[in-house]
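Architecture at a glance
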Amino acid sequence: MRFVGTIEAKVDNKGRVFLPAVFRKALPLSEESLSLIMRKDLFEDCLILYTEQTWQSRLDELSSKLSVWSRSDQAMKRRFAADAEWLTPDSNGRILLPKRYLSMAGIENEVTFIGMDDTIEIWATSKLHEHQSSDDFAAALEQRMTEK
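What comes next concerns the included structure. (Residues numbered from 1 in each chain as written. Predicted model: local features only at pLDDT ≥ 70, side-chain atom pairs only at ≥ 80, totals over all residues. Heavy atoms only, no water.)

This next bit is on the overall build of the chain. Helix and strand counts for the chain come out as 6 helices and 8 strands. Of the regular secondary structure in the chain, the N- to C-terminal order runs β-β-α-β-β-α-α-β-β-α-β-β-α-α. Its C-alpha atoms put the chain at 45 × 40 × 30 Å along the principal axes. Going through the 148 residues of the chain one by one, you find that 39% of them count as buried. For the chain, contacts bridging at least 24 residues in sequence account for 60% of all contacts bridging at least 6. Total accessible area on the chain is roughly 9,500 Å²; 51% of this is exposed by carbon and sulfur atoms. (Helix = DSSP H or I, 4+ residues; strand = E, 2+ residues; numbered from the N terminus. Buried < 20%, exposed > 50% of the residue type's maximum accessible area, 1.4 Å probe, protein only. Contact = heavy atoms within 4.5 Å. Areas by Shrake-Rupley, 256 points an atom, 1.4 Å probe, with all protein chains shown as cover.)

What follows is the structure in C-alpha cells.
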C-alpha cells in the first residue's frame, strides 16, 4: 500500500479527527478491524501513523540492528516502542489523538495529513507551512538525483 496526497482537516475539542477517506480506502483491512500505531516522528514535529504491518516491519528492522545483550540497545528499543500508541478509528472514521501527542506535535485545531509512502504524517498545519520551502526542496532533490 502506498499513501499519497495532502489533506487538511480540523481536530475537534476532544482531540478527534477524521482519517481522510482517501487514506482509509488504501488501508489493507476492513475499517471494523482496523488498528493503527502512532508515534511522534524522530526528526520532525509531526505524528506518524503506521499500519500494523508497517509497524511490525520497522520494529523487526530495528531489532535486527540491536543486541538483546546491550543495555543501550535495549534502552533505544524500549524508547522507540514506548513512545507508540495503538489507535482504532471509530465507526465514523475518526481517530482520537491523545493530548500528549497533540502537545508533542504542537497541534491545536487544524492538521494536515501527508501520505508518505507506507506511513501517514499528521502535522499541525501552521507548523507545516513554516517548515516547507519549495526552493529548498527543489535544490535538495536536484542534488540527490544528480549524485553519481
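Past the structure itself, the notes keep going.
Once that is clear, we can look at the packing of helix α2 (residues 52-65) against helix α3 (residues 71-82). In the contact formed by α2 and α3, the axes pass within 10 Å of each other and the chain directions differ by 170°. Between α2 and α3, the angle falls in the class roughly antiparallel. Of α3, the residues touching α2 (which contributes Trp 55, Leu 59, Leu 62, Ser 63 and Lys 65) are Asp 73, Lys 77, Phe 80 and Ala 81. (Axes fitted to C-alpha atoms, helices over the stretch in contact; angles between N-to-C directions. Parallel < 35°, antiparallel > 145°, perpendicular 65-115°, else oblique.)

Its location among the elements puts Glu 121 in strand β8 (residues 119-124). At 2.7 Å, the side chain of Glu 121 and the side chain of Trp 123 are in polar contact. If we ignore the near neighbours within four places in the chain, the residues touching Glu 121 are Cys 46, Leu 47, Ile 48, Thr 112, Phe 113, Ile 114 and Met 116. (Polar contact = N/O pair within 3.5 Å; in protein donor to acceptor, adjacent residues only side chain to side chain.)

Here Thr 54 is to be found in helix α2. Those residues in contact with Thr 54 that sit more than four places away from it in its chain are Met 1, Asp 118 and Thr 119.

All right, on to the nonpolar core then. Core analysis: the biggest nonpolar cluster contains 24 residues, and Leu 49, Ile 107, Phe 113 and Ile 122 have the highest contact counts within it. Broken down by secondary-structure element, the contributors of at least two residues to this core are β3 (36-40), β4 (46-51), α4 (99-105), β7 (110-116) and β8. Discounting residues that sit within four places of it in the chain, Leu 49 has contacts with Leu 19, Leu 36, Ile 37, Met 38, Leu 87, Ile 95, Thr 119, Ile 120 and Ile 122. (Core = buried A, V, L, I, M, F, W, Y, C linked by side-chain atoms within 4.5 Å.)

A side chain of one charge can pair with a side chain of the opposite charge if their charged atoms are brought near each other. Tallied over the full model, the rule gives 10 salt bridges. Among the ionic pairs, Asp 83 bridges to Arg 39, the shortest N-O distance being 3.7 Å. With Asp 83 in the loop between α3 and β5 (84-87) and Arg 39 in strand β3, this pair connects stretches of sequence that are 44 residues apart. With relative accessibility at 4%, the residue Arg 39 sits in the buried group. (Salt bridge = Lys/Arg side-chain N within 4 Å of Asp/Glu carboxyl O.)

Here the focus is the sheet that holds β8. Ordered in space as β1-β7-β8-β4-β3-β5, the 6 strands form an open sheet in which the pairing is antiparallel. Because the sheet does not close on itself, it has two edges, and the strands there are β1 (6-10) and β5. Taken pair by pair, the neighbouring strands of this sheet meet at an average axis angle of 25°, ignoring direction. Bridge count for β3 against β5 is 4 bridges, and the pairing is antiparallel. Across the sheet, the residue bridging to Met 38 is Glu 85, located in β5. The sheet contacts of α2 involve β3, β4, β5 and β8, and relative to β4 the element is tilted by about 100°. The strands that α3 touches are β3, β4 and β5; relative to β5, the one it contacts most, it runs at about 35°. (Pairing = 2+ DSSP bridges.)

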